[in-house]
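# Descriptive structure summary
Chain by chain, the residues run as shown.
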Amino acid sequence: MCVLCLPIKKWPYRGRDESKAFLYEIVANKRSGIDVDKWDYFARDCYCLGISNNFDHRRFMKFARVLSHDDRLQICTRDKEVGNLYDMFHTRNSLHRRAYQHKTANVIELMITEALVKANDHLWIPGKDGCMVKMSDAIDDMVAYTHLTDYVYHQILFSTDKNLQEAREILQWIERRELYRCVAQSQAKDMKFGKEDKAKAPKEIIEALDRDHLDAQSLTPLSHNDILVDFVKFDYGMDEKNPIDSVRFYVKNDPDRAVRVRKDQVSQMLPEHFAEVHIRVYCRLRDDKSCQFAFLCFRQWCENKGFSVPKEGDVLDMGLTPSKTPLKRKDSGSEGYSSGDRSHLSAAKKSLRFAGKTA
């Protein structure tokens, strides 16, 4: 195709023209994802959750410069700050794994969604001109939409309407911490899961286990309606791409020229992949036999798909700390401390006794 026949990509923003393109990278940076919105919730959520925040936004702003690249002004930073930016995206990934996409937080979200769906046909919201609309239709009525606050949750929870009984029971389970149990989780090799794949996954998982194996285990079979399958995606904010590839830097000797810093120029210990999909299976029935059946079905389904061996739901997402190898004596090879280690220990004990006497 002739290059002149290709459609010209128009400037997508209103207000400032393309000559002020760098201004659109401050609040919501579509190019690299480095913006003050992330810095704000990093500082807030890391403080509230007790998670360390290794990214120093003040240092980034100190080294920020507006330079021209590809005929467009961009916010660039010093080349030595590339490690600081990798720490920022690592912090984002840690927050999603340990808080935002934690299995308990996700199952509560799924249960609330179920309750709202069951209550949708029986809970009416006052809208424009006094018309009553469903929750699902409130998006087309701004008056009704403004009424969709947390009050809806409590309205269902404390209602006495028989039509809201199923939704009310789900919210009561949440209040009593009787959540759907996470029986297992695994990692998928394929990053692309469409709506059809997610919709048919529960049925495929339940039918994956051989019935002869089921009879040998003396387990009661479940229906595909008894499990929930949650596909959780973790990334650095740009799907499978490395967001640092979209950032431009400058060097000390030439601060007016924007350059790119490749990953292999930074460190050999940086991640090779920047996205992964976790598959979690929740069982609506909380008894051990039902959860065991769901786990066996999910494990067989993962083997059929070539996915990793699923971990049981009680295992943390983060890898377990390996046990330390016991020290061996240098002379006999048995467990214990070497002579050098014992001398250091005795010296430490003496210094502690001396400090206790002089205190």
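Quantities reported herein were computed from a predicted structural model and do not represent experimental measurements.

As a further point, take the sheet that holds strand E1 (residues 65–69). Within the open sheet, the three strands sit side by side as E1-E2-E7. Their pairing is mixed. Each end of this open sheet is capped by a strand with a single partner; those strands are E1 and strand E7 (249–250). Pairing of strand E2 (residues 72–78) with E7 involves two bridges; the strand directions are parallel. Counted as the bridge partner of Thr-77 is Phe-249 from E7.

Attention now moves to unusual backbone geometry. For Asp-70, which is not glycine, the phi torsion reads 55 degrees and is therefore positive. Of note, Asp-70 is situated in the loop between E1 and E2. Backbone geometry at Asp-129 places phi at a positive 60 degrees, although glycine is not the residue there. By the secondary structure assignment, Asp-129 is in the loop between strand E3 (124–126) and strand E4 (132–134).

A grouping of Leu-23, Ile-26, Val-27 and Val-36 is seen on the molecular surface, where their side chains present a nonpolar patch of about 290 Å² in accessible area. Structurally, the position occupied by Leu-23 is in the segment before helix H1 (36–49).

Moving on: the side chain of Arg-168. Turning to its location among the elements, Arg-168 is positioned in helix H7 (residues 165–175). Despite its burial, Arg-168 pairs with no opposite charge, the nearest such side chain being Asp-161 at 6.7 Å. In this structure the side chain of Arg-168 is engaged in a polar contact, spanning 3.1 Å, whose partner is the backbone oxygen of Asp-161. Residues contacting Arg-168, with those up to four places away along its chain left out, are Ile-156, Leu-157, Ser-159, Thr-160 and Asp-161.

Time to look at the pairing of strand E5 (residues 181–188). Two faces belong to every sheet, and in a regular strand the side chains alternate between them. For E5, the tally of buried residues reaches six of eight residues, placing the bulk of the element in the interior. When E5 meets strand E8 (residues 275–283), the two strands line up antiparallel, connected through seven bridges. By the bridge assignment, Ser-186 is partnered in E8 with Ile-279.

In this section: the nonpolar core. When a protein is soluble and globular, its nonpolar side chains tend to lie buried together. By size, the foremost hydrophobic cluster in this structure holds 29 residues, and its most contacted members are Ile-205, Ile-227, Val-229, Ile-279, Phe-298 and Trp-301. Here the element with the most residues in this core is helix H10 (residues 288–305); it accounts for nine residues. Contact partners of Trp-301, with chain neighbours within four places excluded, come to Glu-204, Ile-205, Ala-208, Ile-279 and Phe-307. Of all hydrophobic cores here, the second largest spans 24 residues; its members include Met-111, Leu-171, Leu-179 and Leu-228.

Okay, helix H8 (residues 195–206) next. Those residues of H8 not exposed but buried are Ala-201, Pro-202, Ile-205 and Ile-206. The buried residues of H8 occupy one face: seen down the axis, they fall within an arc of 110 degrees. Exposed and facing more than 90 degrees away from the buried side of H8 are Glu-196 and Ala-199.

Definitions and limits used
- Along each chain, residue indices are assigned from 1 in the same order as the chain's sequence is written.
- Two thresholds apply to this predicted model, a pLDDT of at least 70 for residue-level local features and 80 or more for giving and counting side-chain atom pairs, whereas whole-chain, interface and lining totals are computed over all residues.
- Heavy atoms throughout the structure, all of them, feed into the side-chain values; hydrogens and water do not.
- Here, strands pair whenever DSSP counts at least two bridges between them.
- Each helix corresponds to a stretch of at least 4 residues labelled H or I by DSSP, and each strand to a stretch of at least 2 residues labelled E; elements are numbered beginning at the N terminus.
- Residues qualify for a patch when their relative accessible area is over 30% and they have no salt bridge, like charges being joined within 9 Å and the nonpolar side chains of Val, Leu, Ile, Met, Phe, Trp and Tyr within 5 Å.
- Areas reported here follow the Shrake-Rupley algorithm with a probe of radius 1.4 Å; residue values treat only the protein chains shown as occluding.
- What counts as a salt bridge is simple: a side-chain nitrogen of Lys or Arg found within 4 Å of a carboxyl oxygen of Asp or Glu.
- The cut-offs for exposure are 20% and 50% of the maximum accessible area for each residue type, with area from a 1.4 Å probe on protein chains only; residues under the lower value are buried, those over the upper are exposed, and the others partly exposed.
- Charge convention: Lys and Arg are scored as positive, Asp and Glu as negative, and His as well as the terminal groups of each chain are ignored.
- Nitrogen and oxygen atoms within 3.5 Å of one another constitute a polar contact, given that in protein one can donate a hydrogen and the other can accept it, and given that sequence-neighbouring residues count only through two side-chain atoms.
- A contact between two residues is defined here by any heavy atoms of the two lying within 4.5 Å.
- By nonpolar core we mean a set of buried residues, namely Ala, Val, Leu, Ile, Met, Phe, Trp, Tyr and Cys, connected to one another through side-chain atoms within 4.5 Å.
- It is the directions from the helix axis to the C-beta atoms whose arc is reported.

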